[in-house]
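Observations on the model geometry
Here are the chains, one letter per residue:
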Amino acid sequence: PTRVVVLISGSGSNLQALIDGQQRGQLPIDIVAVISNRPAVRGLLRAEHAGIPAEVLDHTRYDSREAFDTALQECIDHYRPELVVLAGFMRILTPTFTRHYEGRMLNIHPSLLPKYQGLHTHQRALDAGESEHGVTVHFVTAELDGGPPAVQARVPVLPGDDAESLAARVQSQEHVIYPLAVKWFAEGRLRMESGRALLNNEPLGPNGY
Ligand code: GAR
């Protein structure tokens, strides 16, 4: 199985989707560690409950972004992962860090990238009067929320939606497409080459799969 380290900052529902997939034998992965930059979050309990080593690297204890990223890289590499999965990891990463994991780090972002990079994506989609919204799994590059998309899922914006109801609709799709992208990566079907995402050796378009 492919060795995976998952980075989280919070609830860890995407982590849970990966744990469930692994436990059901649907994902050829071994989640070898979960690392959180915030102490006492629910995702850490999910890891412990699944018997996965869980570590906290509190970013507030580091003097600079560089110092935190250096410590984080050491912590990750100790587990020798083949894939690093950012699952609600709410930190901007330095180019040195992202370069080190290029082609072997995935992120999930709650919008139809390239739309709505950054924060508060659901409210911004509502404010813009979008009829459609969604979520993107992409390879991580130095450009924030800018790496090549691997898989995208769309959901409708419905009358009466607020940010919370829309986020819930998007999240149910996150729990489908993140395990799918991780599965394809672990099977060697999904990879990044020359800044493009490839699925079964075919370049994926701007919307991913
Ligand atoms: C997810 O909705 C994910 O898309 C989002 O954080 C949430 C984490 O939920 N990620 C970002 O906003 C990244 N900028 P989870 O902890 O329950 O998986």
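Residues numbered from 1 in each chain as written. Predicted model: local features only at pLDDT ≥ 70, side-chain atom pairs only at ≥ 80, totals over all residues. Heavy atoms only, no water.

**Thoughts on the sheet that holds strand β8 (residues 190–193)**
Strand pairing in a sheet relies on backbone hydrogen bonds. The paired strands run either parallel or antiparallel. The criterion, for reference: Pairs of strands are assigned from DSSP output, requiring at least two bridges between the strands. Each helix corresponds to a stretch of at least 4 residues labelled H or I by DSSP, and each strand to a stretch of at least 2 residues labelled E; elements are numbered beginning at the N terminus.
The strand order across the open sheet formed by 3 strands is β8-β9-β10, and the pairing between neighbours is antiparallel. Bordering the open sheet on either side are β8 and β10 (202–203), each of which pairs with just one other strand.

**So, the packing of aromatic side chains**
Here is the rule we go by: For this analysis, a ring pair means two rings from Phe, Tyr or Trp (six-membered ring only for Trp) whose centres lie within 6.5 Å, classed as stacked if their planes differ by under 30 degrees, edge-to-face if by over 60, and tilted for the remaining angles. Here the term buried applies to any residue with accessible area under 20% of the maximum for its type, exposed to any over 50%, and partly exposed to those in between, with areas from a 1.4 Å probe on protein chains only. Look at NZ for Lys and CZ for Arg. If either is within 6 Å of the ring centre and within 35 degrees of the ring normal, a charge sits over the ring.
Evaluation of the coordinates by the stated rule reveals 4 aromatic pairs. Both rings, one in F97 and one in Y101, keep their centres 4.9 Å apart while their planes meet at 55°; by these two values the pair is tilted. One exposure class covers both F97 and Y101, and it is buried. Each ring, one from F139 and one from F185, has its centre 6.4 Å from the other, and the planes form 55°; the classification is tilted. Of this pair, F139 sits in strand β6 (residues 132–139) while F185 is found in helix α6 (residues 163–186), placing the two residues 46 residues apart along the sequence. Here the two residues F139 and F185 agree in accessibility, since each one is buried. R91 extends its terminal NZ or CZ atom over the ring of F68, reaching a point 5.5 Å from the ring centre.

**Focus on the packing of helix α1 (residues 13–23) against helix α2 (residues 42–49)**
Put simply, the rule reads: Angles run from 0 to 180 degrees between N-to-C directions of axes, and those axes are lines fitted to C-alpha atoms, restricted for helices to the stretch in contact. Should an angle lie under 35 degrees it is considered roughly parallel, over 145 roughly antiparallel, and from 65 to 115 roughly perpendicular; all remaining angles are considered oblique. Crossings are assigned a handedness: left-handed for a near helix turned anticlockwise from the far helix by less than a right angle, right-handed for a clockwise turn. Only heavy atoms matter for contacts: two residues are in contact if any of them lie within 4.5 Å across the pair. Basically, the charged four are Asp, Glu, Lys and Arg, the nonpolar ten are Ala, Val, Leu, Ile, Met, Phe, Trp, Tyr, Cys and Pro, and anything else, Gly included, counts as polar.
The N-to-C vectors of α1 and α2 enclose an angle of 15°; their axes lie 9 Å apart at closest approach. Overall, the two elements α1 and α2 adopt an arrangement that is roughly parallel. As for the relative orientation of α1 and α2, their crossing is left-handed in sense. Residues S13, L15, Q16 and I19 of α1 touch α2, and the partners they reach there are G43, R46 and A47. Here the contact of α1 with α2 is composed, by residue class, of 3 nonpolar, 3 polar and 1 charged.

**Section: the UniProt feature "active site" (unreviewed entry) in the protein chain**
We count it as follows: UniProt positions are given in the numbering used here, feature names are shortened, and annotations may be inferred rather than shown by experiment.
Mapped onto this numbering, the UniProt entry annotates "active site" (unreviewed entry) at H109. In this structure, H109 sits in strand β5 (residues 105–109). Those residues in contact with H109, other than ones at most four positions away along the chain, are Y116, Q117, G118, T121, V135, T136, H138 and D145.

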